[in-house]
Amino acid sequence: MLQYKNFKFIDGGVCAAAGFTAAGINARIKPNSTKNDMALIYCDTKCTAAALYTQNKVQGAPITVTKQHLSDHTAQAVIVNSGNANTCNPNGIEIAQQACELTAKALNIPADDVIVASTGVIGQKLSIAPFEQNIPTLAKTLSSTGNNEACTAIMTTDTRQKQFAVEFQLDGKTCHIGGMSKGSGMINPNMATMLAFITTDVKISAAMLDKALREVNAVTYNMVSVDGDTSTNDMVTLLSSGHAENPEITAETDFYAIFKDALYAVMMNLARETARDGEGATKLMECTVKNAHDYPTAKTVAKSVINSALLKAAIFAADANWGRILCAIGYAEASFDIAKVSVELSSKAGAVTVCENGSGVDFSEDFAYKILSEDEIVITINLNEGSSTATAWGCDLTYDYVKINAEYRS
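For clarity, every value in this text was computed on a predicted model and none was experimentally measured.

J.: Which residues make up the overall build of the protein chain, and what values do they have?
T.: Tallying secondary structure elements over the protein chain gives 11 helices and 15 strands in all. With the C-alpha coordinates aligned to their principal axes, the bounding extent of the protein chain is approximately 70 × 55 × 35 Å. Among the 410 residues that make up the protein chain, the fraction classed as buried is 57%. Considering only intrachain contacts with a sequence separation of at least 6, the fraction spanning at least 24 residues in the protein chain is 81%. Put simply, the protein chain has 32 plus and 44 minus side-chain charges, and the middle of one group is 4 Å from the middle of the other.

J.: Give me the lowdown on helix α8 (residues 309-316), citing residues and values where you can.
T.: Among the residues of α8, those classed as buried are Leu311, Lys312, Ala314 and Ile315. Taken down its axis, α8 places every buried residue within 160 degrees of arc, on the same side. Those residues of α8 hidden inside the fold are in contact with β10 (284-292), α7 (295-307), α9 (322-330), α10 (365-372), β14 (376-382) and β15 (388-395). Looking one or two residues beyond α8, the residue adopting positive phi is Ala318, at roughly 55 degrees.

J.: Any chance you could break down empty space enclosed by the protein for me, citing the residues and the numbers?
T.: Take a probe with the size of a water molecule and roll it over the atoms, and the empty space left behind shows itself. Under the definition given, this model contains one cavity of 30 Å³ or more. A volume near 40 Å³ is recorded for the largest cavity. Taken together, Leu311, Ala314, Ile315, Asp319, Ala320, Asn321, Trp322, Ile325, Leu345 and Leu372 make up the lining of the largest cavity. Put simply, the parts of the chain that give the lining of the largest cavity at least two residues each are α8 and α9. For the lining of the largest cavity, the element with the most residues is α8, which contributes three residues. Split by residue class, the lining of the largest cavity holds eight nonpolar, one polar and one charged.

J.: Go over the packing of helix α5 (residues 206-219) against helix α6 (residues 254-276) with me, naming the residues and quoting the values.
T.: Running from N to C, α5 and α6 point in directions that differ by 45 degrees, and their axes come no closer than 10 Å. By the angle between their axes, α5 is oblique relative to α6. In the crossing of α5 with α6, the sense of the turn from one axis to the other is right-handed. Residues Met208, Leu209, Lys211, Ala212, Leu213, Glu215, Val216, Asn217 and Val219 of α5 pack against Tyr256, Phe259, Lys260, Leu263, Tyr264 and Met267 of α6. Considered class by class, the residues forming the contact of α5 with α6 number 11 nonpolar, one polar and three charged.

J.: Tell me what's going on with the pattern of salt bridges, and back it up with residues and numbers.
T.: Enumeration over the complete set of coordinates arrives at eight salt bridges. In this structure, Lys211 engages Glu215 in a salt bridge whose closest nitrogen and oxygen atoms are separated by 2.8 Å. Residue Lys211 and its partner Glu215 are located together in helix α5, separated by four residues, close to a single helical turn. Taking relative accessible area as the criterion, Glu215 reaches 27% and is therefore assigned partly exposed. Here Glu376 makes a salt bridge to Arg272, at a shortest N to O gap of 3.1 Å. Of the two residues, Glu376 sits in strand β14 while Arg272 sits in helix α6, which places them 104 residues apart along the sequence. Here Arg272 falls in the buried class, since its relative accessible area comes to 5%. Salt bridges here are not isolated pairs; linked through shared partners, they connect Lys211, Glu215, Glu252 and Lys260.

J.: Run through the sheet that holds β14, naming residues and quoting values.
T.: Here we have six strands laid out as an open sheet, ordered β13-β12-β11-β14-β10-β15, and mixed in their pairing. Since the sheet does not close on itself, it has two edges, and those belong to β13 (359-360) and β15, each with one partner. The pairing of strand β11 (residues 342-347) with strand β12 (residues 350-356) spans five bridges and is classified as antiparallel. Along β12, the bridge assignment pairs Val343 with Cys355. The strands touched by α7 within the sheet are β10, β14 and β15, with β15 carrying the most contacts at an inclination of about 20 degrees.

J.: Residue-level account of the packing of aromatic side chains, with values.
T.: For the structure shown, the criterion picks out two aromatic pairs. Here Phe9 and Phe164 contribute two aromatic rings whose centre-to-centre distance is 6.5 Å and whose plane-to-plane angle is 80 degrees, an arrangement assigned as edge-to-face. Here Phe164 lies in strand β6 (residues 162-170) and Phe9 lies in strand β1 (residues 8-9), a separation of 155 residues in the sequence. A residue is classified by how much of its surface remains accessible, and Phe9, at 16% relative accessible area, is buried. Against the face of Tyr53 rests Lys67, its NZ or CZ located 5.2 Å from the ring centre.

J.: Give a detailed account of the pairing of β11, specifying residues and quantitative values.
T.: The element β11 is extensively covered by neighbouring structure, given that five of its six residues are classed as buried. Strand direction decides the pairing type here: β11 and β14, joined by five bridges, are antiparallel. Residue pairing for β14: Ser342 is matched across the bridge by Asn382. Hairpin connection of β11 to β12: two residues between the antiparallel strands.

J.: I'd love a proper account of the packing of helix α1 (residues 61-69) against helix α2 (residues 92-107), names of residues and values included.
T.: Taken N-terminus to C-terminus, the directions of α1 and α2 make an angle of 50 degrees; their axes are 8 Å apart at the nearest point. By the angle between their axes, α1 is oblique relative to α2. Judged by the twist between their axes, the crossing of α1 over α2 is right-handed. Along its contact with α1, which presents Ala61, Pro62, Thr64, Val65, Gln68 and His69, the element α2 presents Gly92, Ile93, Ala96, Gln97 and Cys100.

J.: An account of the environment of Thr353 is requested, with residue identities and associated values reported.
T.: Following the sequence through the fold, Thr353 ends up in strand β12. In this structure Thr353 comes out as partly exposed when scored by relative accessible area, which is 30%. With sequence-adjacent residues up to four places away left out, Thr353 is seen in contact with Val343, Glu344, Val361 and Phe363.

The rules behind these values
- Residues numbered from 1 in each chain as written.
- Predicted model: local features only at pLDDT ≥ 70, side-chain atom pairs only at ≥ 80, totals over all residues.
- Heavy atoms only, no water.
- Helix = DSSP H or I, 4+ residues; strand = E, 2+ residues; numbered from the N terminus.
- Buried < 20%, exposed > 50% of the residue type's maximum accessible area, 1.4 Å probe, protein only.
- Contact = heavy atoms within 4.5 Å.
- Lys, Arg positive; Asp, Glu negative; His and termini not counted.
- Charge placed at Lys NZ, Arg CZ, Asp CG, Glu CD.
- Arc of directions from axis to C-beta.
- 1 Å grid on protein atoms, 1.4 Å probe; cavity = no way out; pocket = protein on both sides within 12 Å on 5 of 7 lines; lining within 4 Å.
- Points joined across faces, edges and corners; volume = space filled by probe spheres on them.
- Nonpolar A, V, L, I, M, F, W, Y, C, P; charged D, E, K, R; others polar.
- Axes fitted to C-alpha atoms, helices over the stretch in contact; angles between N-to-C directions.
- Parallel < 35°, antiparallel > 145°, perpendicular 65-115°, else oblique.
- Left-handed = near helix turned anticlockwise from the far one by under 90°.
- Salt bridge = Lys/Arg side-chain N within 4 Å of Asp/Glu carboxyl O.
- Pairing = 2+ DSSP bridges.
- Phe/Tyr/Trp six-rings, centres within 6.5 Å; stacked < 30°, edge-to-face > 60°.
- Lys NZ or Arg CZ within 6 Å of the ring centre and 35° of its normal.

In structure tokens, the structure reads:
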């Protein structure tokens, strides 16, 4: 976890914000599975809501339904399953709508106040039966400590839970933001890149909530890549209960800046953990491009480098093949002078410069190998043309990535 400014990191995930409870259950969507695969998040009041979705032209039925339900920028509950994406199914919309109706009935709220999400195998039939049989139990077991059970339920090939929460002050009021996410494969910088559910008790208008989510998403989830694929079901939602009773944020005030920084602290750590937990990954890669002439250039170069399959493979082998970094910089769709570029590789074992002014420099291969053998690798690229900076996150490419995806449906 990376600490950010003066926010206090706390336990609780999506339950950290006042008014929110959660639950998770094994609904046996995959009959032979013993893990939780259905989760419910609920707020005791109708929330202001914002969401972002995949840019893939093929979109899961839950996204279609959720977009309709959030057209009024309000929601009160989230029902989500893993094990089946409910994508490319002839009755997918019907299943997603029925899941919302069942949730609404169990919670005594309108069906259009329910967000629905699914993740898992694409193109597999999904029965409404697991929802009929388990949503009533989920509703009865909602608790302020149910975040762990809920977080487990959204995991597919994930190897670890991803959840963070922070506490901070706004005008003397104690406020919280908490979130959980899943994502391990089919991760590429293109809108949401994962399933993520974030809650807050900050009182904030729908317009400013949407603005904050878009701005923070651009520098967190949009800067993650595992394998270059963009999923069909990517979604990130942000719900606000308003229970902190702070003066409502309706403009870009100092309070908005604090809220956005707190949101960044949560989303950045979730994004980073997604990269760390890439399918088969053994190393987290962080690429920071600095001193670009503008932010779009820094962002484009960082994403280009973190997406390079050849570089990912080299990092797996702890091979300081810096030419692959220069290659990825070179095909980035941005304008800069490659003759000014320098590259440094670092980890907790130390740092080594491998390129200056666009050309290689002498360095110890043994020391570089030691640096790249750690589990967190930082690639720092200096364009030496300005003052803008961007950071992207990814992971190495391993034999296990192929094995996991070759056997994904089995």
